[in-house]
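Now for the letters of each chain:
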Amino acid sequence: MAAVQLEHVSFAYSDGLVLQDASLSIKEGELVGLIGPNGSGKTTLLKLISGVLYPIQGEIHLDGLSLKRLKRKKVAQRVAVVPQQFHMPFAFKVEEVVMLGRTPFLSMLSEGRKKELDIVNQAMEVVGIRPLGQRFFNELSGGERQKVILAMALAQQPRLLLLDEPTAHLDISHQMEILQLVRRLNEEQGTTIIAAMHDLNLASLYFRRLIMLKEGRIFADGTPKEVLTPPLIQEVFSASVQVQPHPLANVPHIVVLPIENTTKPKYI
């Protein structure tokens, strides 16, 4: 059974279509990267799968169940989302933020329940932030905050994890750390993971399947070698590239070629 099934899904905001006639199937335990230029529909697709948005056409199924017939609480017990931006207006400690991930399973949030605390502690341990438990969330660095949000998502014990640009605004070391953790969750816990990615080389290195979007349509779907080709990248991103073998992994590595100018730049 597919973890996620989209059948001819379309969605529009007030200013026009964002996703058009999208059909795809993602199996349980897959590790999938969504790529495409800004405005191509990556974030909208994640919001549709999570039930935050509803399609104007088509059907979405989670574990064979129609998403539109599932209550929000039931969806939250299956699907966790790591958003591109997360703002905490209150002075919550890290442990309290991660505890929010248990909300779909409780009628009232209670820190006194040993089972819930054990799950929260385990999530923080997996992500490596247990020593930060009593720190205030808003005092953390960007990389530390991203780990806390990931731990909050893991505390939901999701079968499907959705990430929207998980490496945005992070330095190189934190980017690699987050993506290695995501891949480990997929390999060791079998969590189905779908992530919108901006960096094509990171997507190539960490994701076994890539879905390329262009103007709200699924333009290509396959392995990094099948999707990250110069003709496809040129057509979708309007960028000239060379694709070379990665020096350490059996995946493509993309080198963006400079734009040729007929006139020399003038300096003042």
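Just above, that's the structure.
Throughout, residues of each chain are indexed from 1 in the direction in which the sequence is written. Local features are withheld for residues below a pLDDT of 70 in this predicted model, meaning they are given only at 70 or higher, and side-chain atom pairs are given and counted only at 80 or more; totals for whole chains, interfaces and linings count all residues. Processing note: side-chain calculations cover all non-hydrogen atoms of the structure and skip hydrogens and water entirely.

Colleague: Tell me about the overall build of the chain, and please be specific about residues and values.
Modeller: Secondary structure is summarised from DSSP: a helix means a run of H or I of at least four residues, a strand means a run of E of at least two, and numbering begins at the N terminus for each. Helix and strand content of the chain: nine helices and 12 strands. For 268 residues, the compact-globule formula gives about 18 Å, and the C-alpha radius of gyration of the chain, at 20 Å, lands near that figure. Projected onto the principal axes, the alpha-carbon positions of the chain cover approximately 70 × 45 × 40 Å. The cut-offs for exposure are 20% and 50% of the maximum accessible area for each residue type, with area from a 1.4 Å probe on protein chains only; residues under the lower value are buried, those over the upper are exposed, and the others partly exposed. Per-residue burial for the chain yields a buried fraction of 46% across its 268 residues. Counting only contacts in the chain whose residues sit at least 6 apart along the sequence, the fraction spanning at least 24 positions is 62%. Per-residue and other accessible areas were derived by the Shrake-Rupley procedure at a 1.4 Å probe size, with only the shown protein chains allowed to occlude residues. Within the structure as shown, the chain displays about 14300 Å² of accessible surface, and the carbon and sulfur contribution to it stands at 53%. The globule rule used here is 2.2 Å times the number of residues to the 0.38 power, and the radius of gyration it is set against is calculated over C-alpha atoms. A contact between two residues is defined here by any heavy atoms of the two lying within 4.5 Å.

Colleague: I'd like a rundown of helix α1 (residues 42-50), residues and numbers included.
Modeller: Because an α-helix completes one turn every 3.6 residues, residues spaced three or four positions apart along the sequence face the same direction. α1 sits mainly inside the fold: seven of its nine residues count as buried. If you check which residues of α1 are buried, you get Lys42, Thr44, Leu45, Leu46, Leu48, Ile49 and Ser50. Where α1 ends, the next residue or the one after it, Gly51, has phi of about 85°, a positive value.

Colleague: Which residues make up the nonpolar core, and what are the values?
Modeller: Put simply, a nonpolar core is a bunch of buried Ala, Val, Leu, Ile, Met, Phe, Trp, Tyr and Cys residues held in one set by side-chain atoms that sit within 4.5 Å of each other. Counting 50 residues, the largest nonpolar core has Ile35, Val98, Ile129 and Leu161 as the members making the most contacts within it. At eight residues, helix α5 (residues 142-155) tops the list of elements feeding residues into this core. Membership of the second largest hydrophobic core comes to 28 residues, among which are Ala22, Leu45, Leu70 and Leu160.

Colleague: Can you lay out unusual backbone geometry for me, pointing to particular residues and giving the numbers?
Modeller: One non-glycine residue, His8, lies in the positive phi region at around 50°. Among the structural elements, His8 can be located in strand β1 (residues 2-13). In this structure His8 comes out as partly exposed when scored by relative accessible area, which is 46%. Non-glycine residue Glu215 carries a positive phi angle of around 50°. With respect to the secondary-structure elements, Glu215 resides in the loop between β9 (209-214) and β10 (217-222). On the basis of relative accessible area, Glu215 is assigned to the exposed category, the value being 60%.

Colleague: So what's going on with the pattern of salt bridges? Which residues, and what values?
Modeller: One speaks of a salt bridge when a side-chain nitrogen belonging to Lys or Arg is within 4 Å of a carboxyl oxygen belonging to Asp or Glu. Taken as a whole and assessed by the stated rule, the structure comprises 11 salt bridges. Between Glu187 and Arg208 there is a salt bridge whose closest N-O contact spans 3.9 Å. Of this pair, Glu187 sits in helix α6 (residues 172-189) while Arg208 sits in the loop between α7 (200-206) and β9, placing them 21 residues apart in sequence. Connected via shared salt-bridge partners are Glu30, Arg209 and Asp221.

Colleague: Account for the packing of aromatic side chains, naming residues and giving values.
Modeller: Any two rings among Phe, Tyr and Trp, with Trp reduced to its six-membered ring, count as a pair given centres within 6.5 Å; such a pair is stacked if its planes are under 30 degrees apart, edge-to-face if over 60, and tilted if neither. Taken as a whole, this structure holds three aromatic pairs when the rule is applied. Note on Phe86 and Phe137: the rings are 5.8 Å apart at their centroids and 85° apart in plane angle, and the pair reads as edge-to-face. Here Phe137 lies in the loop between α4 (114-127) and α5 and Phe86 lies in the loop between β6 (79-82) and α3 (94-99), a separation of 51 residues in the sequence. The criterion is that NZ of a Lys, or CZ of an Arg, lies within 6 Å of the ring centre and within 35 degrees of the ring normal, and then a charge sits over that ring. Sitting over the ring of Phe105, Arg102 keeps its end group 4.3 Å from the ring centre. Over the face of the ring belonging to Phe137 we find Arg145, whose NZ or CZ atom lies 5.6 Å from the ring centre.

Colleague: Could you give an account of the side chain of Thr192, naming the residues involved and the relevant values?
Modeller: Within the secondary structure layout, Thr192 lies in strand β8 (residues 192-196). Those residues within four positions of Thr192 in sequence are excluded, and the remaining contacts are Ala3, Ile26, Lys27, Glu28, Gly29, Glu30, Arg159, Leu160 and Leu161.

Colleague: Before we move on, could you go through the pairing of strand β11 (residues 241-245) and cite the residues and values that matter?
Modeller: Here, strands pair whenever DSSP counts at least two bridges between them. Where β11 lies against strand β12 (residues 252-256), five bridges are found, and the strand directions are antiparallel. Looking across to β12, one finds that Gln244 is bridged to His253. The turn joining β11 and β12, which pair antiparallel and follow one another in sequence, is formed by six residues.

Colleague: So what's going on with the sheet that holds strand β4 (residues 57-62)? Residues and values would help.
Modeller: Adjacent strands of a sheet pair through backbone hydrogen bonds, lying either parallel or antiparallel. Pairing is antiparallel in the open sheet, where four strands are placed in the order β2-β1-β4-β5. Among the strands making up the open sheet, the edge pair consists of β2 (16-27) and β5 (65-66). Convention adopted: a line fitted to C-alpha atoms gives each axis, helices being fitted over their contacting stretch, and angles between N-to-C directions are expressed from 0 to 180 degrees. Against the sheet, α1 touches β1, β2 and β4, its axis set at about 120° to β1.

Colleague: Tell me about the pairing of strand β3 (residues 31-35), and please be specific about residues and values.
Modeller: Summarising burial for β3: five of the five residues are buried, a large majority. Neither face of β3 is open: one carries Leu31, Gly33 and Ile35, the other Val32 and Leu34, and all of them are buried. Inspection of the sheet shows β3 paired to β8 by four bridges, in the parallel sense. For Leu34, the partnering residue across the bridge sits in β8 and is Ala196. Here β3 runs beside β9; their pairing, made up of four bridges, is parallel. Bridge pairing in β9 places Gly33 opposite Leu210.

Geometry only, nothing functional implied.
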